[in-house]
Each structure stands twice: as C-alpha cells, then as structure tokens.
Amino acid sequence: MKHYISHSIIHRNKKTKIGRIVYRENNTRKTFDCSVKNLNNYVREMRYGKGFSKGYNLNSLTNLYLNYRKQLVNNRNLGGEGIKTTTYDTDLNWINHHVLKLWGEQHLDSIKANFILDVVKPYLKNPLNYNCLDSAEKIYNQLKRILEFAMEREIIQYFKFPKFRDGRRTEKKVVRPTPSIDEVKKIISVVSPYYKVFLLTLATSGLRANECLSLKWDDVDFDKKQITIKRTISGGKLDEPKTSNGFRTIPIADKIVKELKSFKINIFQLIPDLKKPSEFIFPNVKGSFKDIDICRSNSIYFANKKLNVKFDLQSFRRFYRTEMELIFDELRLNKMILDYRFGHSPRSVAERHYIHSKTINDSENESVNVLANKLY
C-alpha cells in the first residue's frame, strides 16, 4: 500500500523538468519520477485511490467529501471539534436528492467556472425547476462546498466559484403576521385543551416550538416558577441547543404554573391512548415528544382554517417579544433580559445592567404575569 508524502518539480537541466513524488510503501520511503504534465494526475491517484488520475466523476468526489464530514461527526461525539449528526444528515439529504441526482455523473475534469455559469446557475434559477430561490441557493451552496473541498486537496484545479445571486438580494422573505392579544385569545379558544396549554406556554414564554416540545417535567421548577431549556428537537431527534446561549432558565407566569399542574394530572384524559406517564410535558400517544408537524397541523393550522387567518407557531414567539417590549417599558426593565430569554445573549450580559439580583427576578416574574393576565 502506497502512502503519499509530498511532491515537487525537479530541474535536471535548463530544458528538462520532471515531477517527483515522495511516498511510503511497506514502511520504506520511496520516490517516483514522472512527467510534469502527469504529476497532478499521479498525485491525485496516490492520495485518493485508483481512478482519480482520470478525473472520475462528482459521485466519487462526493463520497470522499461525505467520509470527511462523517469523521467530523465522530470527532464531535468524542468531545473534539466537529459537526452535529443532524447537520450531516441534512447535508446528505440535499446532496443525494439534488446535487448528485442532477450532476453526479459529471466528469471532474469538465467542472470549471463555465460549467457553473452555463449549466448549474441557469438550471437552478429557472422557475420551472426551482421556483423558490432559497432552496435553489441551498443546493448551489452544497455543490460549492464539495468543489471547494476538492480544490483544497488539488483533486480539481482551482477556479473562483461564482456567487449564486448577482448583486443584492431583492426577494422579500415571507414573514407571517404577529397576532394581537384578541387574536391569540381567539386561537386558543378554538383548539383542543391539549393544544390550548401548548400555545399558552409558547405565548407567555417566548420559547421556540421545538424547545417547548422537548421540555420534560424535570425542567420545570414549580416552586421557583421557572423553566430551564436544556435541549431542542432537530431532524426529528432530541438535540442540544445550537449555541451555548440556548441553555437558559426563564420565569413562567403563575397562571401557566397552574395550567401545567392541571395538565399533568389530566394527561390521560387529554390523550386517552397514552398507556403510562411520560417524562415529556407534551407527549405523543407513545409517551415520546410530540412531532412538530402534527402539532402544527392540529393547533395553529387548524385555527387558521377555522378563523380564516394566517399565523404559524413562530408567530407566538413574535407575539411574546412584541408584547414584552411594551411591558418592559412600563416596568422600566432593561431589554437585555429579553435577549437572554430568547437565547440570544448570556445571562451575565443581561445582569450587568442591574444592581440587585432579587429585583431582577421579582421584576421578571411580574412581567410574565402581566402578559398572562392579558390572555385570561
């Protein structure tokens, strides 16, 4: 088995140049001379296996890239630097269903800037193929990462990868409206008791839907009236928050504490098919965490159809922030604490703007009670 070490160009005289590759075979250091013209091809084959001297295709290159990404997952699982499993799975899905499906058989030697400009961009920007430019750009960026991986390792010759969007982005992102107090009341009034508690928790805490669905009863301190966010749901699995700021403890209103206590006692009436108590606050019939798509369909989308409105679960997070901004103004609280509750900044940053920690906690509890009182 040959293991590549290095390569260089040797000048034998003024006219003659040769390529030299240094490698190791059976623990013995050896050299191999070849023409300068074929040097890169031999280096590619020695580094990445038989066949890469002929260029191979995008499928072969992508296998190398995915193996590299898989190693990053293993590194993270062992406590080192790397990427999450869910990140790898998401990338794999985009690559398999789009990049390789479209260009997997493309020969590497033919992939240049012109191929990207003449073939890839026009296809992705065609509304008949991808009417959502955001999705098309995700596919484009996956291809870019694969090719940049190849350029760094000299598998393909370097070329400047063109940007997907020319000039400034002009498309407006569609944002669902923020509901008013009355609209939240109406939404809560038409959903089932199970989803009423779920939506009230979202509206009075500012939690992301996946954070809320991943909550366990151990995360709730009924005496201190607090919830600690330790996890979220990503790719259909429990996962850690994306950043360290996602780990946080926030206050909950007195009326929400009462709702949650009653919810825990009556859970078997709300979910008749549930066989045994669940550690999750909002369980499915099997006692695991609730699927967000099912939750979305049976709560906010059901209410939208019933009331002829257009909201989503993220609307409740925007509702909370909008209302709390006003309440914080009334209570003369520094809004840095809102950033902490949202998982956007550390607690220490928020507390620098206060003197007495007891005052902070009392004011925080007062603020969530003010909001909850508006909804009851």
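These remarks concern the structure in this document. (Residues numbered from 1 in each chain as written. Predicted model: local features only at pLDDT ≥ 70, side-chain atom pairs only at ≥ 80, totals over all residues. Heavy atoms only, no water.)

1. Remarks on the overall build of the protein chain
Phase 1: Helix and strand content of the protein chain: 15 helices and 8 strands.
Phase 2: In terms of C-alpha radius of gyration, the protein chain reaches 28 Å, well past the compact-globule figure of 21 Å for 376 residues.
Phase 3: For the protein chain, the spread of C-alpha atoms along the principal axes amounts to about 90 × 50 × 45 Å.
Phase 4: By the burial criterion, 43% of the 376 residues in the protein chain qualify as buried.
Phase 5: Partitioning the contacts of the protein chain with sequence separation of at least 6, the portion at a separation of at least 24 is 55%.
Phase 6: Within the structure as shown, the protein chain displays about 21,600 Å² of accessible surface, and the carbon and sulfur contribution to it stands at 49%.
Phase 7: Here the protein chain contributes 68 positive and 41 negative side-chain charges, whose respective centroids are spaced 6 Å apart. (Helix = DSSP H or I, 4+ residues; strand = E, 2+ residues; numbered from the N terminus. Rg over C-alpha atoms; globule rule 2.2 N^0.38 Å. Buried < 20%, exposed > 50% of the residue type's maximum accessible area, 1.4 Å probe, protein only. Contact = heavy atoms within 4.5 Å. Areas by Shrake-Rupley, 256 points an atom, 1.4 Å probe, with all protein chains shown as cover. Lys, Arg positive; Asp, Glu negative; His and termini not counted. Charge placed at Lys NZ, Arg CZ, Asp CG, Glu CD.)

2. Thoughts on the sheet that holds strand β4 (residues 220-221)
Phase 1: Spatially, 3 strands are ordered β4-β5-β8 in an open sheet, and the strand pairing comes out antiparallel. Both edges of this open sheet fall to β4 and β8 (248-251), since each of them pairs with a single strand only. (Pairing = 2+ DSSP bridges.)

3. Comments concerning the pattern of salt bridges
Phase 1: Throughout the structure, instances matching the rule amount to 19 salt bridges.
Phase 2: Notably, a salt bridge pairs R165 with D134, separated by 3.1 Å at the nearest N-O pair. Residue R165 is located in the loop between α5 (133-152) and α6 (181-190), and its partner D134 is located in helix α5; the two are separated by 31 residues in the primary sequence.
Phase 3: Accessibility expressed as a relative area gives 34% for D134, which makes it partly exposed.
Phase 4: The partner of D339 in a salt bridge is R321, and the shortest N-O contact between them spans 3.2 Å. One end of the pair, D339, is in helix α13 (residues 336-341); the other, R321, is in helix α12 (residues 313-331), and 18 residues separate them in sequence. (Salt bridge = Lys/Arg side-chain N within 4 Å of Asp/Glu carboxyl O.)

4. Notes on helix α2 (residues 58-77)
An α-helical segment advances 3.6 residues per turn. Residues three or four places apart therefore align on the same side.
Phase 1: Between its first and last C-alpha atoms α2 spans 28 Å; for 20 residues at 1.5 Å apiece the expected length is 28 Å, and the two agree.
Phase 2: Residues of α2 that are buried include every one of L58, S60, L61, T62, Y65, L66, R69, L72 and V73, and no others.
Phase 3: The secondary structure elements touched by the buried residues of α2 are α3 (85-103) and α5.
Phase 4: The backbone nitrogen of N59 lies 3.2 Å from a side-chain oxygen of the residue at the head of α2, namely N57. (Expected span 1.5 Å × (residues − 1). Polar contact = N/O pair within 3.5 Å; in protein donor to acceptor, adjacent residues only side chain to side chain.)

5. Some details on the pairing of strand β1 (residues 2-11)
Note on strand geometry: in a regular strand, side chains alternate between the two faces of the sheet.
Phase 1: Here β1 runs beside strand β2 (residues 17-25); their pairing, made up of 9 bridges, is antiparallel. Its bridge partner being in β2, H3 is matched across the sheet by R24.
Phase 2: Taken together, β1 and the strand that follows it, β2, pair antiparallel across an intervening segment of 5 residues.

6. Quick notes on the environment of G343
Phase 1: One can find G343 in the loop between α13 and α14 (347-351).
Phase 2: Considered as a pair, G343 and V257 are 86 residues apart in the sequence and their alpha carbons are 21 Å apart.
Phase 3: Once residues within four sequence positions are removed from consideration, G343 is found in contact with T243, N245, G246 and R248.

7. Points about the nonpolar core
Phase 1: If you look at the biggest cluster of nonpolar residues, it comprises 57 residues, and the most contacted ones within it are F198, L199 and F282.
Phase 2: Looking at this core element by element, the count peaks at 8 residues for helix α7 (residues 193-205).
Phase 3: If we ignore the near neighbours within four places in the chain, the residues touching F282 are Y194, V197, F198, T201, C212, L213, F263, S288, F289 and K290.
Phase 4: Core analysis: the next-biggest nonpolar cluster, separate from the first, contains 34 residues, L61, L66, V73 and I139 among them. (Core = buried A, V, L, I, M, F, W, Y, C linked by side-chain atoms within 4.5 Å.)

8. Details of unusual backbone geometry
Working note: non-glycine residues mostly have negative phi, and peptide bonds are mostly trans.
Phase 1: Of note, K225 is a non-glycine position whose phi angle comes to about 60 degrees, a positive value.
Phase 2: Tracing the sequence through the fold places K225 in the loop between β4 and β5 (226-229).
Phase 3: Phi at N308 takes a positive value of approximately 60 degrees, unusual for a residue other than glycine.
Phase 4: Checked against the element boundaries, N308 lands in the loop between α11 (292-307) and α12.

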